[in-house]
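Structure at a glance
Letter by letter, the chains look like this.
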Amino acid sequence: MNKRVIAFLTLTVFLIHHNLLAQNLRVAAAANLQTVIEVLQKDFKQKTGIVIEPVVGSSGKLVAQISNGAPFDLFLSADMGFPETLFKNGFAVKKPEVYAAGSLIICSSQNIGFNNWERLLMTARVKKVAIANPAIAPYGKAAIELLQGKGILDDMQSKIVYGESISQVNTYITTGVVDIGFTTQALIKETGGKTKIYYQVISPSLYEPILQGMVLLKHAAGNPNAEKFYQYILGPSARKIFAEYGYRLP
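Figured I'd write up the structure that's included with this text. (Residues numbered from 1 in each chain as written. Predicted model: local features only at pLDDT ≥ 70, side-chain atom pairs only at ≥ 80, totals over all residues. Heavy atoms only, no water.)

Here we take up the overall build of the protein. Helix and strand content of the protein: ten helices and ten strands. Its C-alpha atoms put the protein at 80 × 40 × 30 Å along the principal axes. When each of the 250 residues of the protein is scored for burial, the buried share is 47%. Partitioning the contacts of the protein with sequence separation of at least 6, the portion at a separation of at least 24 is 77%. By element, 55% of the accessible surface of the protein is carried by carbon and sulfur atoms, the whole surface being about 12,200 Å². Here the protein holds 25 positive side-chain charges and 17 negative ones, and the gap between their average locations is 7 Å. (Helix = DSSP H or I, 4+ residues; strand = E, 2+ residues; numbered from the N terminus. Buried < 20%, exposed > 50% of the residue type's maximum accessible area, 1.4 Å probe, protein only. Contact = heavy atoms within 4.5 Å. Areas by Shrake-Rupley, 256 points an atom, 1.4 Å probe, with all protein chains shown as cover. Lys, Arg positive; Asp, Glu negative; His and termini not counted. Charge placed at Lys NZ, Arg CZ, Asp CG, Glu CD.)

What follows is the structure in structure tokens.
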């Protein structure tokens with residue numbers, strides 16, 4: 001085999017490899033999706049052969065990264081506000097769409113009962129309560145709104161332990177670092193029974209709906225796989241997975 005043939009084959013392999021990498025998708029996903037995005041990733045790859053590379057973090061921090069040029073193709077937020085900001089600032093190719101509605105729960109690794117959770121939070125038995133940073137985490141914002149509505153936020157401020165994301169809050173809850181936490185209902189499915197979590201779903205009427213929005217980012221231009229994943233998230237297979245993790249569907 002002469003040198004020209006070898007060089008041609010080497011270049012061909014390189015271009016094929018480069019093209020495959022280029023067609024992979026980088027998806028910025030809110031921290032409450034930490035486990036469900038892995039399930040969606042596997043299901044989408046099985047159906048299409050397309051590889052998803054998820055990066056998980058608090059919605060606020062992901063928006064900051066995207067605004068500073070991080071090469072993401074799609075953004076799955078834990079609210080609508082952050083993706084709407086990206087669209088208004090010219091980082092998205094079209095307006096965000098709601099793909100799911102989050103469900104807030106109060107929970108603990110201890111069987112302490114939640115029939116009257118408002119009074120429970122005020123007792124000496126509860127010393128630490130985990131809430132995600134409300135400035136960057138929509139579930140934290142919902143929890144603060146809930147406590148304000150109940151008129152007990154000021155009285156329990158000293159008990160609140162803020163996590164930088166809902167993932168950190170979940171760690172606090174499952175490891176027993178805190179007595180109680182407010183988080184996504186998806187945690188119950190995520191633990192898979194390995195860690196016993198006692199919980200109560202908070203009525204959606206007690207906080208603003210956690211409408212979770214998605215945007216196709218400008219970095220995805222020229223990558224047809226991005227639109228395929230976008231449509232997949234809005235389709236029946238993904239909706240079934242979201243429902244299994246406790247999300248309400250639009």
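Let us now look at the packing of aromatic side chains. Applying the stated criterion to the full structure yields six aromatic pairs. Ring centres 5.0 Å apart and planes at 75° place the aromatic pair F44 and F229 in the edge-to-face group. With F44 in helix α2 (residues 36–48) and F229 in helix α9 (residues 224–234), this residue pair connects regions lying 185 residues apart in the sequence. Given a relative accessible area of 2%, F44 falls into the buried group. Centroid distance F242 to Y247: 5.7 Å. Interplanar angle 85°. Geometry classified as edge-to-face. (Phe/Tyr/Trp six-rings, centres within 6.5 Å; stacked < 30°, edge-to-face > 60°.)

Another point: the sheet that holds strand β10 (residues 210–216). Taking strand neighbours across the sheet as the criterion, the five strands line up as β2-β1-β3-β10-β4 in an open arrangement whose pairing is mixed. Two strands in the sheet have a free side with no partner beyond their single neighbour: β2 (52–57) and β4 (97–102). Ignoring which end each strand starts from, the neighbouring axes of this sheet average 20° apart. Bridge analysis of strand β1 (residues 25–30) against strand β3 (residues 74–76) gives three bridges, and the strand direction is parallel. If you follow A28 over to β3, its bridge partner there is F75. (Pairing = 2+ DSSP bridges. Axes fitted to C-alpha atoms, helices over the stretch in contact; angles between N-to-C directions.)

As for its placement among the helices and strands, N133 is situated in the loop between β6 (129–132) and α6 (138–150). Within polar-contact distance, the side chain of N133 engages the backbone nitrogen of A135 at 3.0 Å. Non-local contacts of N133, meaning those with residues more than four positions away in its chain, are made with Y162, G163 and E164. (Polar contact = N/O pair within 3.5 Å; in protein donor to acceptor, adjacent residues only side chain to side chain.)

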